[in-house]
Amino acid sequence: MLLISGFYIALTALLLLALAYMVVRLRLKHKIGLLDGGEKTIAVAMRAQANALETALPVLLLLMVAELNGAYAAFLHVCGIGFLLSRVLHAWGFNQAAGGMHFGRYYGTLLTWIVLLALIVRVLWLSVGGVLGG
């Protein structure tokens, strides 16, 4: 069972739903049904949503593999919480600055990369150790 990663997958899906809602709300407000219609606020909201999705896939897959391979629960929770915080921070900063520079965007990206790298290293360690030790 994937109890820990399942929890963070569900929370990430909730975040993605909230970001999708922001896009839909702006499309309704500006009466734009497809793409961004040249409206920068919609383009920014779409990129915030897409960026979260682009990073979610590798992070959540690695989180699952780490859990299946026996990574410590504390490590999985630190990565899961760190990832969610990073994506909320990034989306907030990205939308606040309309796609420009913002500390939320910068630190959200940095934290995402730290979590991703930690998961990559842990999964490689567990996988190589499993192959060599088993």
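Above this text sits the structure in question.
Residues numbered from 1 in each chain as written. Predicted model: local features only at pLDDT ≥ 70, side-chain atom pairs only at ≥ 80, totals over all residues. Heavy atoms only, no water.

### Examining the pattern of salt bridges
In this structure the tally under the stated criterion is one salt bridge. With its nearest N and O atoms 3.2 Å apart, the salt bridge here joins arginine 47 to glutamate 54. (Salt bridge = Lys/Arg side-chain N within 4 Å of Asp/Glu carboxyl O.)

### A short note on the nonpolar core
Residues Leu63, Ala66, Leu76, Val115 and Leu119 are the most contacted members of the largest nonpolar core, which totals 17 residues. A total of six residues in this core trace back to one element, the largest contributor, which is helix α2 (residues 40–68). If sequence neighbours within four positions are ignored, alanine 66 has contacts with Ala71, Leu76, Leu119, Val123 and Leu126. (Core = buried A, V, L, I, M, F, W, Y, C linked by side-chain atoms within 4.5 Å. Buried < 20%, exposed > 50% of the residue type's maximum accessible area, 1.4 Å probe, protein only. Helix = DSSP H or I, 4+ residues; strand = E, 2+ residues; numbered from the N terminus. Contact = heavy atoms within 4.5 Å.)

### Some remarks on the side chain of arginine 122
With respect to the helices and strands, the residue arginine 122 is situated in helix α4 (residues 103–133). Comment: no salt bridge for buried arginine 122; closest opposite-charge side chain is glutamate 67, at 13 Å. Excluding residues within four positions of it along the chain, arginine 122 makes contact with Ala71, Tyr72 and Phe75. (Lys, Arg positive; Asp, Glu negative; His and termini not counted.)

### Thoughts on a nonpolar patch on the surface
Taken together, the side chains of Trp92, Phe103, Tyr106, Tyr107, Leu110 and Ile114 make up a nonpolar region of the molecular surface, amounting to roughly 640 Å² of accessible area. It is α4 that contributes the most residues to the nonpolar patch, five residues altogether. Turning to its location among the elements, phenylalanine 103 is positioned in helix α4. (Patch = residues over 30% accessible without salt bridge, like charges linked within 9 Å, V, L, I, M, F, W, Y side chains within 5 Å. Areas by Shrake-Rupley, 256 points an atom, 1.4 Å probe, with all protein chains shown as cover.)

### A closer look at helix α3 (residues 73–96)
In this model, α3 (24 residues) spans 34 Å end to end at C-alpha, consistent with the 34 Å of a helix rising 1.5 Å per residue. Every buried residue of α3 is accounted for by Leu76, Cys79, Gly80, Gly82, Phe83, Leu84, Ser86, Arg87, His90, Ala91, Gly93 and Phe94. Looking at the buried positions of α3, the neighbouring elements they touch are α1 (3–30), α2 and α4. Just beyond α3, the residue with positive phi is alanine 98, at close to 50°. (Expected span 1.5 Å × (residues − 1).)

### Description of α4
Structurally, the α-helix is built with 3.6 residues per turn, so residues lying three or four positions apart point the same way. Compared with the 45 Å implied by 1.5 Å per residue over 31 residues, the 44 Å span of α4 between its first and last C-alpha is a close match. Among the residues of α4, Gly104, Gly108, Thr112, Val115, Leu119, Arg122, Val123 and Leu126 are the ones counted as buried. Summarising the contacts, the buried residues of α4 are in contact with α2 and α3.

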